[in-house]
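Tertiary structure, described
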2 protein chains.
Amino acid sequence: MYISINNELFLAEDANISVSDLSIQRGYGIFDFLKTINHKPIFIEDYFNRFYNSAKEMHLEVELNRKQLHEAILKLIARNNIADSGIKIILTGGFSADGYTMVKPNLIIIQTPLNIIENTTNTRLALVSYNHQRQIPHVKTIDYLQAIRLQKFVKENGADDLLYHNNGKVRECPRANFFIVTDHEVITAKNEILNGITRKKILSLDIPDYTFVERDFTLNEVYQAKEAFISSSTKNAFPVDKIDGKLIGNGKKTITKLINNKLLELIALDQKD
Amino acid sequence: MYISINNELFLAEDANISVSDLSIQRGYGIFDFLKTINHKPIFIEDYFNRFYNSAKEMHLEVELNRKQLHEAILKLIARNNIADSGIKIILTGGFSADGYTMVKPNLIIIQTPLNIIENTTNTRLALVSYNHQRQIPHVKTIDYLQAIRLQKFVKENGADDLLYHNNGKVRECPRANFFIVTDHEVITAKNEILNGITRKKILSLDIPDYTFVERDFTLNEVYQAKEAFISSSTKNAFPVDKIDGKLIGNGKKTITKLINNKLLELIALDQKD
């Protein structure tokens, strides 16, 4: 397996960077994550929009322009020869002499095999809520301090992942957006979240008799919901069975399945594009 | 210059770690920073207390016990032969196969030359306030996302550093605690801050006619203060001249200088210990 560092390919075991990098010294970096199906990166322009915006917001310069970055990714895909994969693009603060001042960023691209076709009905997903507001939420920074620290808490609560809320206002999961379904609405948070690409694609769908609503909502609304699901590049629309130990809805997940199928159609379209 | 990685010494140019480390992947790590004077680490037990506590809070195991860590630091000091220095001990989440699950931490020790004897009256220090509450504030994590991102903002405001407040309640600087002096009180924040070792030493001092008070205070109290100063391992008690463009006090800095001198006495005592 090869890893790209500043557009040079290294074997994974040789893909090292100096401990003076600001990611190690100060947790300073951004990233993005997209998938390839049959060697084709999906929705790449959407991911590039977010990646270059994150870089701009954090005052990090991307040495490669979009075309060059696209080429760097394709070069890595060609070398690794993995059809279905996750592509992680990390941009760090760079090698800083004083461990504080921002310098020339380092660009790291990592490809990992991914089992894209997941049966969303066979796996049960349980979330546990936690009061935490991500900082600089619209930027995809590498800050997962709470998510990693709370892995123990998640396990102790018999859950698979966290659901963040800000003093009762539901936000998102560490690596996914979050939706609930009521009688005629599909609701997701509007503020202080990462604007997921899959979330955006879902909001663009047309679901008969249902309206998509972006607004604040509470944990109590979550517990009362007919369905709940998370959205992410790897999970698409993935149903949630339990939150804080409470079963959500009647377990039929009809709207979630419908949304997931329509999402798969969008992905298939992009794949052929 | 040598750097210690997992208790092995490497030349700085060879001190690299894999990009799979959780510090690079997820900003996950803690650190501590102490100084040596004439080859002697100062207040090392206090720093160790905090370091091992940070590790525990973040569920990171330190492979070396206190005695072994002390020896590792002394070994690095002996090899580099720098009398007055800063010692940074970083503990990361380790090389994670999936880029998310915590594994065996990596311990990195970096020594940098430090000009210890600073004339605190010759340099003017200006701060600019910013509304930000550090997450997991009592733990010395590597999260400096806001501090680094705001370097541009600091410059644009003609300042040297940030002063964080949480919706008006003054907290701390990114790398220092913060104090104000009134007629008979020396005040510093009590909640949601990093408990600095220098801060603790200052609070243990006896200053005639002055009481040390730990409580919430506002930016308005800061603007009205007689004196203001920051405290850190490298700066000791260092006077602040301007905050948000406003001059603080009459510029005499009498109490700050007194506190700094008493602090230097404590340091001298520890050095001889």
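Keep in mind it's a predicted model, so treat the numbers as computed, not measured.

In this section: the overall build of chain A. Counting secondary structure elements, chain A contains eight helices and 17 strands. At 19 Å, chain A has a C-alpha radius of gyration in line with the 19 Å of a compact globule built from 273 residues. Considering only C-alpha atoms, chain A reaches an extent of 55 × 40 × 30 Å along its principal axes. Counting over 273 residues, chain A shows a buried share of 56%. When contacts within chain A are restricted to residue pairs at least 6 apart in sequence, those whose partners lie at least 24 apart make up 69%. Taken as a whole, chain A presents about 11700 Å² of accessible surface, with 48% of it coming from carbon and sulfur. Of the side-chain charges in chain A, 34 are positive and 33 negative, and the distance between the mean point of each set is 3 Å.

The sheet contact formed by strand β9 (residues 161-166) of chain B and strand β10 (residues 169-172) of chain B spans three bridges and is antiparallel. By the bridge assignment for β10 of chain B, H165 of chain B is matched with V170 of chain B.

The next thing to look at is the environment of K75 of chain B. Looking at the element boundaries, K75 of chain B is found in helix α3 (residues 66-80). Judged by relative accessible area, K75 of chain B falls into the partly exposed class, the value being 39%.

Mapping one chain copy onto the other needs a rotation about an axis and a shift along that axis. Each copy superposes on the other: chain B lies on chain A with an RMSD of 0.0 Å after a rotation of 180° and an axial shift of 0.0 Å. Between the two chains, the operation in question is that of a two-fold axis. Taking the C-alpha atom as reference, chain B places G27 of chain B closest to the rotation axis, 2.1 Å from it. A high fraction, 100%, of the interface residues of chain B reappear at the interface in chain A, so the copies pair face to face through one surface.

So, about the sheet that holds strand β6 (residues 85-92) of chain B. Residue and element names in this part refer to chain B. Taken together, six strands build an open sheet; the order of strands is β2-β1-β7-β6-β4-β5 and the sheet is antiparallel. The two strands at the open ends of the sheet, each matched to only one other strand, are β2 (8-11) and β5 (40-41). Here strand β1 (residues 2-5) pairs with β2 via four bridges, running antiparallel. Note on β2: the bridge partner recorded for S4 is L9. The strands touched by helix α2 (residues 44-57) are β4 (29-37), β5, β6 and β7 (106-113); relative to β4, the strand with the most contacts, the crossing angle is about 175°.

The interface of chain B with chain A comprises 44 residues on the first partner and 44 residues on the second. Taking both partners together, chain B and chain A bury about 4000 Å²; carbon and sulfur atoms supply 59% of that area. For the chain B face of the interface with chain A, the top three residues by lost area are R26, Y100 and L145 of chain B, together amounting to 20%. Remark: the boundary between chain B and chain A carries zero salt bridges. Across the chain B-chain A interface, the total number found is 19 residue pairs in polar contact (both at pLDDT 80 or more). Of the residues belonging to the side of chain B that touches chain A, the class tally is 22 nonpolar, 15 polar and seven charged. Pairing analysis gives three bridges linking strand β3 (residues 16-18) of chain A to strand β3 (residues 16-18) of chain B, with the strands arranged antiparallel. If you follow I17 of chain A over to β3 of chain B, its bridge partner there is I17 of chain B.

So, on to the packing of helix α2 (residues 44-57) of chain A against helix α3 (residues 66-80) of chain A. Residue and element names in this part refer to chain A. Viewed as axis vectors pointing N to C, α2 and α3 meet at an angle of 120°, and their least axial separation amounts to 11 Å. Note that α2 runs across α3; the crossing there is right-handed. The segment α2 lies against α3, with I44, E45, F48, N49, F51 and Y52 engaging R66, L69, H70 and I73. Residue composition of the contact of α2 with α3, grouped by class: six nonpolar, two polar and two charged.

This part covers the nonpolar core. Nonpolar side chains in soluble globular proteins generally cluster together in the buried interior. Counting 109 residues, the largest nonpolar core has L69 and I89 of chain A together with L69 and I89 of chain B as its most contacted members. Excluding residues that lie within four positions of it along the chain, I89 of chain A makes contacts with I30, F31, D32, L34, F48, F51, L69, I73, L107, I108 and I109 of chain A.

Turning our attention to empty space enclosed by the protein. Space left empty within the atom packing is revealed by a probe, the size of a water molecule, rolled over the atoms. Residues and elements named next belong to chain B. What the rule picks out here adds up to three cavities of 30 Å³ or more. In this model, the largest cavity occupies a volume close to 80 Å³. What lines the largest cavity is K35, I42, F43, Y47, T198, K201, S232, S233, N236, L263 and I267. Only α6 (197-203) and α8 (254-272) provide two or more residues apiece to the lining of the largest cavity. Of the residues belonging to the lining of the largest cavity, the class tally is five nonpolar, four polar and two charged.

It is worth spelling out the side chain of R199 of chain A at this point. Within the fold, R199 of chain A resides in helix α6 (residues 197-203). Filtering out sequence-adjacent residues up to four positions away, R199 of chain A remains in contact with N177, F179, T188, A189, K190, I193, L194, E214 and S231 of chain A.

Summed over the entire model, instances satisfying the criterion amount to 14 aromatic pairs over all chains. Aromatic side chains Y100 of chain A and Y144 of chain B sit 6.3 Å apart centroid to centroid with 80° between the ring planes, which places their arrangement in the edge-to-face category. Of this pair, Y100 of chain A sits in the loop between β6 (85-92) and β7 (106-113) while Y144 of chain B sits in the loop between β8 (126-131) and α4 (145-149), which puts the two residues in different chains. Owing to a relative accessible area of 8%, Y144 of chain B belongs among the buried residues under this scheme. When the ring of F178 of chain B is compared with that of F217 of chain B, the centres are 6.3 Å apart and the planes differ by 20°; the resulting orientation is stacked. Separated by 39 residues along the polypeptide, F178 of chain B in strand β11 (residues 177-181) and F217 of chain B in the loop between β13 (211-214) and α7 (219-224) bring together distant segments of the chain. Classification of F217 of chain B by relative accessible area gives buried; the value is 1%.

Moving on, we get to the pattern of salt bridges. Think of it this way: side chains of opposite charge can pair up when their charged atoms draw near. Per the counting criterion, the structure on display carries 32 salt bridges over all chains. The residue E214 of chain A makes a salt bridge to R199 of chain A at a minimum N-O spacing of 2.8 Å. With E214 of chain A in strand β13 (residues 211-214) and R199 of chain A in helix α6, this residue pair connects regions lying 15 residues apart in the sequence. We classify R199 of chain A as buried; its relative accessible area is 4%. Put simply, D216 of chain B and R171 of chain B hold a salt bridge, and the shortest N to O gap is 3.1 Å. Of this pair, D216 of chain B sits in the loop between β13 and α7 while R171 of chain B is found in strand β10, placing the two residues 45 residues apart along the sequence. Classification of D216 of chain B as partly exposed rests on a relative accessible area of 30%. Three or more residues joined by partner-sharing salt bridges are found here, namely D46, K200 and K201 of chain A.

Moving on to the environment of L125 of chain A. Residue and element names in this part refer to chain A. Looking at the element boundaries, L125 is found in the loop between β7 and β8 (126-131). In this structure, the C-alpha to C-alpha distance between L125 and G251, residues 126 residues apart in sequence, is 12 Å. With sequence-adjacent residues up to four places away left out, L125 is seen in contact with D160, I230, F238, P239, V240, D241 and K242.

Rules behind the numbers
- Residues numbered from 1 in each chain as written.
- Chains lettered and ligands numbered in written order.
- Predicted model: local features only at pLDDT ≥ 70, side-chain atom pairs only at ≥ 80, totals over all residues.
- Heavy atoms only, no water.
- Helix = DSSP H or I, 4+ residues; strand = E, 2+ residues; numbered from the N terminus.
- Rg over C-alpha atoms; globule rule 2.2 N^0.38 Å.
- Buried < 20%, exposed > 50% of the residue type's maximum accessible area, 1.4 Å probe, protein only.
- Contact = heavy atoms within 4.5 Å.
- Areas by Shrake-Rupley, 256 points an atom, 1.4 Å probe, with all protein chains shown as cover.
- Lys, Arg positive; Asp, Glu negative; His and termini not counted.
- Charge placed at Lys NZ, Arg CZ, Asp CG, Glu CD.
- Pairing = 2+ DSSP bridges.
- Least-squares fit on C-alpha atoms with pLDDT ≥ 70 in both.
- Axes fitted to C-alpha atoms, helices over the stretch in contact; angles between N-to-C directions.
- Buried area = accessible area lost by both parts, 1.4 Å probe.
- Salt bridge = Lys/Arg side-chain N within 4 Å of Asp/Glu carboxyl O.
- Polar contact = N/O pair within 3.5 Å; in protein donor to acceptor, adjacent residues only side chain to side chain.
- Nonpolar A, V, L, I, M, F, W, Y, C, P; charged D, E, K, R; others polar.
- Left-handed = near helix turned anticlockwise from the far one by under 90°.
- Core = buried A, V, L, I, M, F, W, Y, C linked by side-chain atoms within 4.5 Å.
- 1 Å grid on protein atoms, 1.4 Å probe; cavity = no way out; pocket = protein on both sides within 12 Å on 5 of 7 lines; lining within 4 Å.
- Points joined across faces, edges and corners; volume = space filled by probe spheres on them.
- Phe/Tyr/Trp six-rings, centres within 6.5 Å; stacked < 30°, edge-to-face > 60°.

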